[in-house]
Amino acid sequence: MRPEVIHVSLGNAQTIPIWFASLTELPSYCESVDLRIGPCILITDTNLVPLYLDQVKTSLLDSGWGPTTEIIIPSGEASKSADVLQSIYDQTLQSGLDRQTPIFALGGGVIGDLAGFAAATLLRGLPLVHLPTSLIAQVDSSIGGKTGINHRIGKNLIGAFYQPHLVLTDLDLLQSLPELEWTSGLAEVVKHGFIADADFFTYLSSNWDAILQRDNEQVQRMVIHAARIKASIVSKDEKESSLRAILNFGHTFAHSIERVAGYGQFTHGEAVALGMRAATKVSSLIHPNLPHHLIDSFLLKLPVRNSIGDISIDALIQAMYYDKKVMAGQLRLILIRDIGDAYVHDQVSEDLIAQGWESIMQS
Ligand code: GLY
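Each residue is numbered by its place in its chain's sequence as written, counting from 1. The predicted nature of this model means local features are confined to residues of pLDDT at least 70 and side-chain atom pairs, given and counted, to a pLDDT of 80 or more, with totals for whole chains, interfaces and linings taken over all residues. For the side-chain quantities, the full set of heavy atoms in the structure was used; hydrogens and water were omitted.

Enquirer: So what's going on with helix α4 (residues 109–121)? Residues and values would help.
Expert: In this description a helix means any DSSP run of H or I spanning at least four residues, a strand means any run of E spanning at least two, and both kinds are numbered starting from the N terminus. What a helix should span is 1.5 Å times the count of its residues minus one. The terminal C-alpha atoms of α4, which comprises 13 residues, lie 18 Å apart, in line with the 18 Å expected from a rise of 1.5 Å per residue. Whether a residue is buried, partly exposed or exposed follows from its accessible area with a 1.4 Å probe, protein chains only, as a fraction of its type maximum: under 20%, in between, or over 50%, in that order. Across the 13 residues that make up α4, a large majority, 11, are buried. Listed in full, the buried residues belonging to α4 are Val110, Ile111, Gly112, Asp113, Leu114, Ala115, Gly116, Phe117, Ala118, Ala119 and Ala120. Phi turns positive one or two residues past the end of α4, at Leu123, with a value near 50°.

Here it is in structure tokens:
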């Protein structure tokens, strides 16, 4: 494909380019944002090493970069921990870095969040380049500067907003994603339509079979459009003082499912798909004209698990209070008035929330 670019424009005239191009072109995109050619740190996970590490390393070395410090993290959410972060600090500090040594985060959401937080905190900030490999990372987590790790009390509770110099997104990588990662990632893509762009939802509905089969042309169109929606929301509200919160549609329910079922039992995307159905149900109780069944039946077409089974609703509701969005002990939920029209609701009653949970107990 011909390279394409979109930008996140931030208040202080800072602009972050998101390039859609081949990973092998990394050196020239680094040059375009004035990164210093020289030593660099590459952080990736065990699953990605055989797929992409050599390719990225060779393209860097061939263009005069190096030496490279490679840090390989066990794949999976458990790596977003203080212990793994500490091991990154140990390895990078021993490698003799300085403030111009960039970190390349090659991976999905876990690697982006973890390597991003390391970049934010090492020497009070190193240049960061995201090389997102998963669908969720390409349309969501690599865009907007959220970085961090989990705490046993909840997900993403320790972190910082830290913008990358550059995001380089290679759409071809999506063709080799395992099926469950692909279908789970689609949940975040669909979310962008529900919260901000009814036409995008219509497009997804009309092209759903081709998208499920990863037709190249539709994948390109879909990912670039979804990334554009995310970039536009972040450009309006980088630090989530208001609008950006709508990106959490379905996520308070999803985080609760992941926590109560045990991390790893549901993929994040599966939990988000279920969470969006519960949030849609709650929305429909407040906005009776919402086309609830249209949304619900579309989400049921995602080939992922479509019920939470026999988990206690009380436990799920209690877990919702650990969410970062709880304010003064009051649950805040993202609801939708209509497709493409999301907002923050500060005072949803537990009775309505319980009805949301009940709607996804059985398939
Ligand atoms: N993934 C939600 C956000 O970036 O705000």
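Enquirer: Can you break down the packing of helix α11 (residues 268–286) against helix α12 (residues 292–300) residue by residue, with the values?
Expert: Running from amino to carboxyl end, α11 crosses α12 at an angle of 170°, the nearest separation of the two axes being 10 Å. Judged by the angle between their axes, α11 and α12 are roughly antiparallel. Side by side, α11 and α12 meet where Ala273, Met276, Arg277, Thr280, Lys281 and Ser284 of the first sit next to His292, Ile295, Asp296, Leu299 and Leu300 of the second. Looking at the contact of α11 with α12 residue by residue, the class counts come to 5 nonpolar, 3 polar and 3 charged. Only the stretch in contact is used when a helix axis is fitted, and all axes are lines through C-alpha atoms; the angle between N-to-C directions ranges over 0 to 180 degrees. An angle below 35 degrees is treated as roughly parallel, one above 145 as roughly antiparallel, one from 65 to 115 as roughly perpendicular, and anything else as oblique. Note on definitions: a residue-residue contact is assigned when non-hydrogen atoms from the two residues lie within 4.5 Å. Residue classes follow a fixed rule: Ala, Val, Leu, Ile, Met, Phe, Trp, Tyr, Cys and Pro count as nonpolar, while Asp, Glu, Lys and Arg count as charged, and any other residue, Gly among them, counts as polar.

Enquirer: Which residues make up the site of the ligand, and what values go with them?
Expert: With respect to spatial proximity, the complete set of residues near the ligand consists of Asp140, Lys146, Lys230, Glu240, Arg244 and Leu247. Counting of polar contacts relies on pairs of N or O atoms within 3.5 Å, with two restrictions inside protein: one atom must be capable of donating a hydrogen and the other of accepting it, and residues adjacent in sequence are counted only when both atoms are side-chain atoms. Within the contact set of the ligand, an oxygen atom lies 2.6 Å away from a side-chain nitrogen or oxygen of Lys230. Contact distances for the ligand include 2.8 Å between an oxygen atom and a side-chain N or O atom of Arg244. Burial of the ligand by the surrounding chains reaches 88%, relative to a free accessible area of 200 Å². For the shell around the ligand, the class distribution of residues is 1 nonpolar, no polar and 5 charged. Proximity criterion: a residue is near a molecule or strand once any of its heavy atoms comes within 4 Å of it. We get accessible surface area from the Shrake-Rupley algorithm with a probe of 1.4 Å; when it comes to residues, only the shown protein chains can shield them.

Enquirer: So what's going on with the sheet that holds strand β4 (residues 68–73)? Residues and values would help.
Expert: Judged by pairing direction, the sheet is mixed, and its 7 strands sit side by side in the order β1-β2-β9-β6-β5-β3-β4 without closing on themselves. Where the open sheet ends on each side, the last strands, each with one partner, are β1 (4–9) and β4. Pairs of neighbouring strands in the sheet enclose a mean axial angle of 20°, with direction left out of account. Whether two strands pair depends on DSSP finding at least two bridges between them. Both β1 and strand β2 (residues 15–20) contribute to a ladder of 6 bridges, which runs antiparallel. When the bridges of β2 are listed, Val5 appears paired with Trp19. Strands in contact with helix α3 (residues 82–94) are β3 (40–45) and β4; relative to β4, the strand with the most contacts, it is inclined by about 165°. The strands touched by α4 within the sheet are β3, β4, β5 (103–107) and β6 (128–132), with β5 carrying the most contacts at an inclination of about 170°.

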